[in-house]
Amino acid sequence: MSVSGFLSHPAIFDLQQRLGAGNHRPVKRWVAEVLQLQGAEQVVDVCCGTGNMASVVPGYYLGIDLDPRSIAWARRKFSRDARKRFLVADVTALALEPKSFHKALFIDGLHHLSDDRALAALRVVSRITREAVAIVDPAPETRRPVSRLLLALDLGRHIRPLAAQVELIRAGGLAIERHQTVYAGFAHKRMFLCRPVE
């Protein structure tokens, strides 16, 4: 098995998130704080991976990802919660109704997509979301050795500096209300709170 194959296994990914990214605790706290999620709201999570953010959403949650293994893993994790659904799909190929979700998550997904694919996905997110979008992606500006190692091991090949992230998000039809950079465990993350402009 290749290194990328090993690192992309859902169990290894979840372990890496627990150990390297502090189980996303800082990201989850930030998402809960800025989105003020309510039980009656519908939330879409683009590039949901193994569904780590589903636990933050008290109501209906739809996780979308291209990787069938990650989606199968997420379905097993949340099999007892009927409000959590997971779909193997490309969000740009789905016929989702405009403004059909109150809020959206795009956590650690942009750096896996080329500029063209990321732009297309962001435009869909802007079109299908009514209120707010939380975007989180790696921040490459770190001097910490462990953080730099995690970036080097990351399977995403499009890790962008702040200026490129801002340009991409704005071109995708989202207005950035605020952003901040934090360490989630050893992982250096940039977090954006956005509003659809459509």
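Now for a description of the structure that goes with this document. Because the structure is a prediction, the values reported are computed rather than measured.

All right, on to the overall build of the protein chain then. Scanning the protein chain from N- to C-terminus turns up seven helices and seven strands. The N-to-C order of helical and strand elements in the protein chain reads α-α-α-β-β-α-β-β-α-β-α-α-β-β. Classification of the 198 residues of the protein chain by burial places 51% in the buried group. Accessible surface for the protein chain amounts to roughly 9400 Å². Of this, 56% is attributable to carbon and sulfur atoms.

The buried fraction of strand 2 (residues 60-65) amounts to five of the six residues, a majority that puts the element mostly inside the structure. Bridge count for strand 1 (residues 42-46) against strand 2 is five bridges, and the pairing is parallel. Pairing of Asp45 across the sheet is with Gly63, part of strand 2. As judged from the five bridges shared by strand 2 and strand 3 (residues 84-88), these two strands associate in the parallel manner.

Attention now moves to helix 5 (residues 115-128). Its 14 residues place the ends of helix 5 20 Å apart at the C-alpha level, agreeing with the 20 Å of an ideal helix rising 1.5 Å per residue. Among all positions in helix 5, only Ala118, Leu119, Ala121, Leu122, Val124, Val125, Ser126 and Ile128 are buried. The elements touched by buried residues of helix 5 are strand 1, strand 4 (101-107), strand 5 (129-138), helix 7 (162-171), strand 6 (174-184) and strand 7 (187-196).

Rules of the game
Residues numbered from 1 in each chain as written. Predicted model: local features only at pLDDT ≥ 70, side-chain atom pairs only at ≥ 80, totals over all residues. Heavy atoms only, no water. Helix = DSSP H or I, 4+ residues; strand = E, 2+ residues; numbered from the N terminus. Buried < 20%, exposed > 50% of the residue type's maximum accessible area, 1.4 Å probe, protein only. Areas by Shrake-Rupley, 256 points an atom, 1.4 Å probe, with all protein chains shown as cover. Pairing = 2+ DSSP bridges. Expected span 1.5 Å × (residues − 1). Contact = heavy atoms within 4.5 Å.

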